[in-house]
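A look at the structure
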Amino acid sequence: MRLRLQLCLATAAIAATATLAGAQTHTAAQHATHAEARSPEGRRYVAQPLVTDKFFADPSAHVFNGKLYVYPSHDVDAGIPNDDLGNQYAMHDYHVLSMDRVGGPVTVHPVAIDVKDIPWASKQTWAPDAAYKNGTYYLYMPARDKQGIFRIGVATSKSPTGPFKAEKEPIRGSYSIDPAVFTDTDGASYMYFGGIWGGQLQRWTTGRYDPNGGDTDLKQDDKRAIAPKIARMSADMKQFAETPRDVVILDEAGKPVLGGDHDRRFFEAAWTFKRGGKYYFTYSTGDTHFLNYAIGDSPYGPFRYTGHILKPVQGWTSHHSIVEFQGRWWLFYHDTQLSDKNHLRSAKVTELTFNTDGTIQLIDPFKD
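Residues numbered from 1 in each chain as written. Predicted model: local features only at pLDDT ≥ 70, side-chain atom pairs only at ≥ 80, totals over all residues. Heavy atoms only, no water.

Moving on, we get to the packing of aromatic side chains. On inspection of all chains with the given rule, the structure shows 29 aromatic pairs. Aromatic pair F273 and F354: ring centres 6.2 Å apart, planes at 75°, arrangement edge-to-face. Of this pair, F273 sits in strand 18 (residues 268–275) while F354 sits in the segment after strand 24 (346–352), and the two are 81 residues apart along the sequence. Classification of F273 by relative accessible area gives buried; the value is 5%. Of the residues examined, F354 reaches a relative accessible area of 13% and is grouped as buried. These aromatic residues form a ring-pair network of at least three members: F64, Y69, Y71, Y132 and Y137. (Phe/Tyr/Trp six-rings, centres within 6.5 Å; stacked < 30°, edge-to-face > 60°. Helix = DSSP H or I, 4+ residues; strand = E, 2+ residues; numbered from the N terminus. Buried < 20%, exposed > 50% of the residue type's maximum accessible area, 1.4 Å probe, protein only.)

Okay, here's the thing in structure tokens:
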């Protein structure tokens, strides 16, 4: 009894400390109640939500100073009906999650930045990413500008958890959504970005924004699919150092993946990492709900389509990150386990396994 009391007091003290600091810590014990939760179809989940009292999606994971930080979007219910342009995704601020180990306590830090503190933005702070260089942490944020066009901005902080201060204008030449910044072993950093449908990438095919450019894609199934973009970052990490160019995904025959190939074509959620001297470009297929990967010899590509990473999750969207941490590789993703609503998602993590030839073993988000 005394030991139990001591444990309870210790747990309460930890929770109180976290609350006083403006952060909330979620423990494995709090998640245990969901351990045998089942999907509407009766399947058990392979992983449980990192946080159970807020909705976080699009988890972008990074290791800074030996600790794992996750930069997700923060889902809220604004009462907006579902549509194919994603107006129901009405996120307006960002929180940072942190943990010392996968499976350990997850700390939800206070608001890192709110859309009202981003001078150029009007609404919809969608999937972010983060980077670190020379003592400064950078938060990259897509949002609609005052004209309703998605741009990508940057905010800075001396702490990985913020608060972050936004630049007055978005990155020059930026557009669409889903920034993902990869820093190569030579120190050069690159931003990958773009998303079709609600991400508006199909409206930029001429190099200028066309409000009549369509709501989905080019509807040219026999032609090259719309490509995600890449641009090398400037030395201060706040601008593009070059004009964005296409990231080309090739099929087995070395030909660009076609627009009609919805199991393999790019939709959104670019993420790049390097392993064994190879560059892995990973992404979501959107309406077919896969996470895919393609491998190349340069951060610019081209990338040869190699396979699926993750089968469809519960919910419409699939957006992820991949990171090496404490000697193992991890896939962060999201689903709708806690809400069963497409716009209220929960971030999760599960281990990623590579075969000896560098290919990735396919993950099923369900145990059965």
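Next comes the rest of the write-up.
This part covers the environment of A61. By the element assignment, A61 lies in strand 2 (residues 55–64). Separated by 245 residues in sequence, A61 and T306 have C-alpha atoms that sit 23 Å apart. Beyond its immediate chain neighbours, meaning those up to four positions away, A61 contacts L68, Y69, V70, W271, S321, V323 and F332. (Contact = heavy atoms within 4.5 Å.)

Time to look at the environment of L344. As for its position among the elements, L344 is in the loop between strand 23 (328–335) and strand 24. In the structure, L344 is positioned 290 residues away from K54 in sequence and 8.9 Å away in space, judged by C-alpha atoms. The residues contacting L344, other than those within four sequence positions of it, are F55, D75, V76, D77, T336 and S339.

Turning next to unusual backbone geometry. For residues other than glycine, phi is negative in most cases, and the peptide bonds are mostly trans. Cis geometry is found at the peptide bond from G162 to P163, where omega equals 5°. With respect to the helices and strands, P163 occurs in the loop between strand 11 (150–157) and strand 12 (165–166). Omega for the peptide link from G301 to P302 comes to 0°, which places this bond in the cis form. Summarising the element assignment, P302 is placed in the loop between strand 20 (291–296) and strand 21 (303–310). A positive phi angle, near 55°, is found at N65, a position not held by glycine. Note on placement: N65 falls in the loop between strand 2 and strand 3 (67–75).

Right, let's get into the pattern of salt bridges. Evaluation of the coordinates by the stated rule reveals 22 salt bridges. Where K278 meets D297, a salt bridge forms, and the shortest distance between an N and an O atom there is 2.6 Å. Of this pair, K278 sits in strand 19 (residues 278–284) while D297 is found in the loop between strand 20 and strand 21, placing the two residues 19 residues apart along the sequence. In this structure, K348 and D335 form a salt bridge, with 2.7 Å as the shortest nitrogen-oxygen distance. Of this pair, K348 sits in strand 24 while D335 sits in strand 23, placing them 13 residues apart in sequence. (Salt bridge = Lys/Arg side-chain N within 4 Å of Asp/Glu carboxyl O.)

As a further point, take the side chain of S234. Within the secondary structure, S234 is located in the loop between strand 15 (229–232) and strand 16 (245–246). A polar side-chain atom of S234 sits 2.6 Å from a polar atom in the side chain of D236. Residues in contact with S234, not counting those within four places in the same chain, are Q239, F240 and A241. (Polar contact = N/O pair within 3.5 Å; in protein donor to acceptor, adjacent residues only side chain to side chain.)

A separate point is the confidence of the model for the chain. A residue-level look at the chain finds 92% of positions with pLDDT of 70 or above and a mean pLDDT of 93. Ignoring residues within four places in sequence, the model shows residues 1–20, a span with pLDDT below 50, making three contacts including any to other chains. (pLDDT = per-residue confidence, 0-100.)

Pairing in this open sheet of five strands is mixed, and the strands run 17-21-20-19-18 from one edge to the other. The two strands at the open ends of the sheet, each matched to only one other strand, are strand 17 (249–250) and strand 18. Pairing of strand 17 with strand 21, which is carried by two bridges, proceeds in the parallel orientation. Among the inter-strand pairings, I249 is bridged to a residue of strand 21, identified as F303. (Pairing = 2+ DSSP bridges.)

What follows concerns the pairing of strand 11. Across the eight residues that make up strand 11, a large majority, seven, are buried. With eight bridges connecting them, strand 10 (residues 136–145) and strand 11 associate as antiparallel partners. Across the sheet, P142 pairs through a bridge with I152, a residue of strand 11. Connecting the antiparallel pair strand 10 and strand 11 is a turn made up of four residues, with G148 showing a positive phi of about 85°.

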